[in-house]
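Secondary and tertiary structure notes
Each chain, written out:
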Amino acid sequence: MGLAQETKSGNPIFEGWYADPEGVIWGKEYWIYPTYSAKFEEQTYMDAFSSKDLVTWKKHSHILDTSNVKWAKKALWAPSIIKKKNKYYLFFSANDVHEGEVGGIGVAVSKKPDGPFVDAIGKPLINEIVNGAQPIDQYVFKDDDGQYYMYYGGWKHCNVVKLSNDLLHLVPFPDGMLYKEVTPKNYVEGSFMLKRNGKYYFMWSEGAWTGPNYCVAYAISDSPLGPFERIGKILQQDKSVATGAGHHSVIQIPGTEDYYIVYHRRPLTERNGNARVVCIERLEFDHEGFIKPVKLTFEGVPARKIK
């Protein structure tokens, strides 16, 4: 008798045009918070997806929409979520803001992971263009000492800020500065931070998000503030599978060295810039701690429940 075929997630892992996925674990469930990928004027809400095994996903519709964020009109994208005590804080970008406009990075809060999320401060947390960085594509990172940092930035510039304990304000660094630029070589957008074995793995997206050469690169530092010296690409197109692979996040199975990279890519049949789907692969490290290049697949990853 042949071996039973292993159940896998398949790629994409759920239907619909979605991008910029933030993958997290709440209890025994995987959650993915993506951008609804459409024209900016149609990006007025966010959905989320949950799964107990990485294979079967449940859609949670409209966990956040502009009716609960009065200053947000369009271009609601790039969610980043963190849980503190019994509340969920969803950071988002809105309005594709330019100098002199209202928009940028906001934060919404809910008592449930599927919302509804409501604007927590009634205005953007970051509205201004600082160090040339458009306030988009934020990632909130909690360090081992309990300090919260937020990395963000488009237009080829990246800043890091410190967040207050209530996650609703910026607090200065010891030198009094609120913003520190940490832009690595070739950075465009899509910042992400992972800490492993005491090292800070900073990752970002390069290239144009509508193009085939969108990709992810990374650096390793001994400090959350860098410097971040670019090492190389870890995720990029495979012309036999998909193009435009980028804007990712990483999920670690608690208590293990098992990591998954969640990202978006463009199917080979699509040319529309917004035709993006969410996919998942294993993320692996070599014996020296460097990240191995990720291979794009149609199969995805095997079913995996959280113990």
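Placed above this text is the structure.
Remember, it's a predicted structure, so these values are computed and weren't measured experimentally. Sequence order as written defines residue numbering, which begins from 1 separately in each chain. Since the coordinates come from a predicted model, pLDDT governs what is reported: local features require at least 70, and pairs of side-chain atoms require 80 or more to be given and counted, while whole-chain, interface and lining totals use all residues. Calculation of side-chain values draws on the structure's entire complement of heavy atoms; hydrogens and water are dropped beforehand.

Now for the overall build of the protein chain. Under the scheme used here, helices are H or I runs from DSSP no shorter than 4 residues and strands are E runs no shorter than 2 residues, and both carry numbers assigned from the N terminus. A tally of regular secondary structure across the protein chain gives zero helices and 20 strands. Radius of gyration means the value over C-alpha atoms here, while the globule rule gives 2.2 Å times the residue count to the 0.38 power. Here the C-alpha radius of gyration of the protein chain, 18 Å, is about what a compact globule of 307 residues would show, namely 19 Å. Principal-axis analysis of the C-alpha atoms gives the protein chain an extent of 65 × 45 × 40 Å. Burial here depends on accessible area, computed with a 1.4 Å probe over protein chains only, as a share of the maximum for the residue type. Under 20% is buried, over 50% is exposed, and the range in between is partly exposed. Here the protein chain holds 307 residues, and 58% of them are scored as buried. By definition, residues are in contact when any of their heavy atoms lie within 4.5 Å. Counting contacts in the protein chain only where the partners sit at least 6 residues apart, residues at least 24 apart contribute 49% of the total. Carbon and sulfur atoms make up 50% of the accessible area of the protein chain, which amounts to about 13500 Å² in all. Distance from the positive charge centre (37 side chains) to the negative charge centre (36 side chains) of the protein chain: 4 Å. The Shrake-Rupley method, run with a 1.4 Å probe, gives the accessible areas here. Residue values count only the displayed protein chains as cover. Counted as positive: Lys and Arg. Counted as negative: Asp and Glu. His and the chain ends are not counted at all. For this purpose, a charge sits on NZ of Lys, CZ of Arg, CG of Asp or CD of Glu.

Attention now goes to the sheet that holds strand 14 (residues 189-196). The sheet built from four strands is open, its strands ordered 14-15-16-17 with antiparallel pairing. With one partner strand each, in any of the chains shown, strand 14 and strand 17 (230-235) form the two edges of the open sheet. On average, each strand axis in the sheet is inclined to that of its neighbour by 30°, with strand direction left out of account. We call two strands paired when DSSP finds no fewer than two bridges between them. Bridging between strand 15 (residues 199-206) and strand 16 (residues 215-221) involves seven bridges; their strand directions are antiparallel. Its bridge partner lying in strand 16, Tyr-201 is registered against Ile-220. Angular values range over 0 to 180 degrees, each being the angle between N-to-C directions of two axes fitted as lines to C-alpha atoms, with helices fitted over their stretch in contact.

Take the nonpolar core next. Counting 38 residues, the largest nonpolar core has Met-203 and Leu-235 as its most contacted members. If you tally residues by element for this core, the top one is strand 15, at five residues. Ignoring anything within four residues of it in the chain, the contact list for Leu-235 reads Cys-215, Val-216, Ala-245, Gly-246, Ile-261, Tyr-263, Val-294 and Leu-296. Among the buried residues, those of types Ala, Val, Leu, Ile, Met, Phe, Trp, Tyr and Cys that are joined through side-chain atoms within 4.5 Å form a nonpolar core.

Here we come to the packing of aromatic side chains. What describes a pair of aromatic rings is the distance from one ring centre to the other and the angle between the planes of the rings. The pairing test for Phe, Tyr and Trp rings, Trp by its six-membered ring, is centres within 6.5 Å, and the orientation test on the planes gives stacked under 30 degrees, edge-to-face over 60, and tilted for anything in between. Applying the stated rule across the entire model yields 18 aromatic pairs. Look at Phe-14 and Tyr-18: their rings are 5.8 Å apart centre to centre, the planes differ by 80°, and that puts the pair in the edge-to-face class. Since its relative accessible area comes to 3%, Tyr-18 is described here as buried. Aromatic ring contacts, followed pair by pair, group Phe-14, Tyr-18, Tyr-36, Tyr-45, Phe-49 and Trp-57 into a single cluster. The ring of Phe-285 is capped by Arg-196, whose NZ or CZ atom sits 3.9 Å from the centre of that ring. Taking NZ or CZ as reference, Arg-282 lies 5.6 Å from the ring centre of Tyr-260, over its face. Here, over-ring charges are defined by two tests on the NZ atom of lysine or the CZ atom of arginine: distance to the ring centre within 6 Å, and angle to the ring normal within 35 degrees.

Once that is clear, we can look at the layout of surface pockets. Space inside and on the surface of the protein is sampled on a 1 Å grid over the protein atoms alone, with a cavity defined as a set of points where a 1.4 Å probe fits but cannot get out and a pocket as an open set with protein on both sides within 12 Å along at least 5 of 7 lines; lining residues have an atom within 4 Å of a point. Grid points are joined across faces, edges and corners, and a volume is the space filled by probe spheres set on the points. Estimated volume of the largest pocket: approximately 700 Å³. Around the largest pocket sit 23 residues that line it, and Val-24, Tyr-139, Lys-142, Val-250 and Gln-252 are the ones nearest its centre. Of all the secondary-structure elements, those providing two or more residues to the lining of the largest pocket are strand 1 (18-26), strand 5 (77-84), strand 9 (139-142), strand 14 and strand 18 (242-252). Per-element accounting of the lining of the largest pocket gives the leading share, five residues, to strand 1. Grouping the constituent residues of the lining of the largest pocket by class yields 15 nonpolar, two polar and six charged. Reported here for the second largest pocket is a volume of approximately 260 Å³. As for the second largest pocket, its lining consists of 17 residues, of which Phe-40, Trp-77, Ile-136, Glu-189 and Trp-209 are closest to the centre. Residue classes follow a fixed rule: Ala, Val, Leu, Ile, Met, Phe, Trp, Tyr, Cys and Pro count as nonpolar, while Asp, Glu, Lys and Arg count as charged, and any other residue, Gly among them, counts as polar. Broken down by class, the residue content of the lining of the second largest pocket amounts to six nonpolar, six polar and five charged.

Glancing now at the pattern of salt bridges. Any Lys or Arg side-chain nitrogen located within 4 Å of an Asp or Glu carboxyl oxygen qualifies as a salt bridge. Per the stated rule, a full pass over the model turns up 11 salt bridges. Lys-52 is the salt-bridge partner of Glu-29, the closest N and O atoms lying 2.9 Å from each other. Here the residue Glu-29 occupies a position in strand 2 (residues 29-36), and Lys-52 occupies one in the loop between strand 3 (45-51) and strand 4 (58-65), the gap between them amounting to 23 residues. Taking relative accessible area as the criterion, Glu-29 reaches 23% and is therefore assigned partly exposed. With a closest N to O distance of 2.7 Å, Glu-257 and Arg-196 form a salt bridge. Placement of Glu-257 in the loop between strand 18 and strand 19 (259-267) and of Arg-196 in strand 14 is noted, with a sequence separation of 61 residues between them. Ionic contacts of the salt-bridge type, sharing partners, join the residues Asp-143, Asp-144 and Lys-195 into one network.

Leftover empty space is mapped by rolling, across the atoms, a probe with the size of a water molecule. A complete count under the given rule lists one cavity of 30 Å³ or more for this structure. Roughly 80 Å³ of volume is contained in the largest cavity. Glu-22, Pro-79, Gln-138, Ser-191 and His-247 are, among the 13 residues lining the largest cavity, the residues nearest its centre. When residues of the lining of the largest cavity are traced back to their parent elements, those giving at least two are strand 1, strand 5, strand 14 and strand 18. Classifying every residue of the lining of the largest cavity gives five nonpolar, five polar and three charged.

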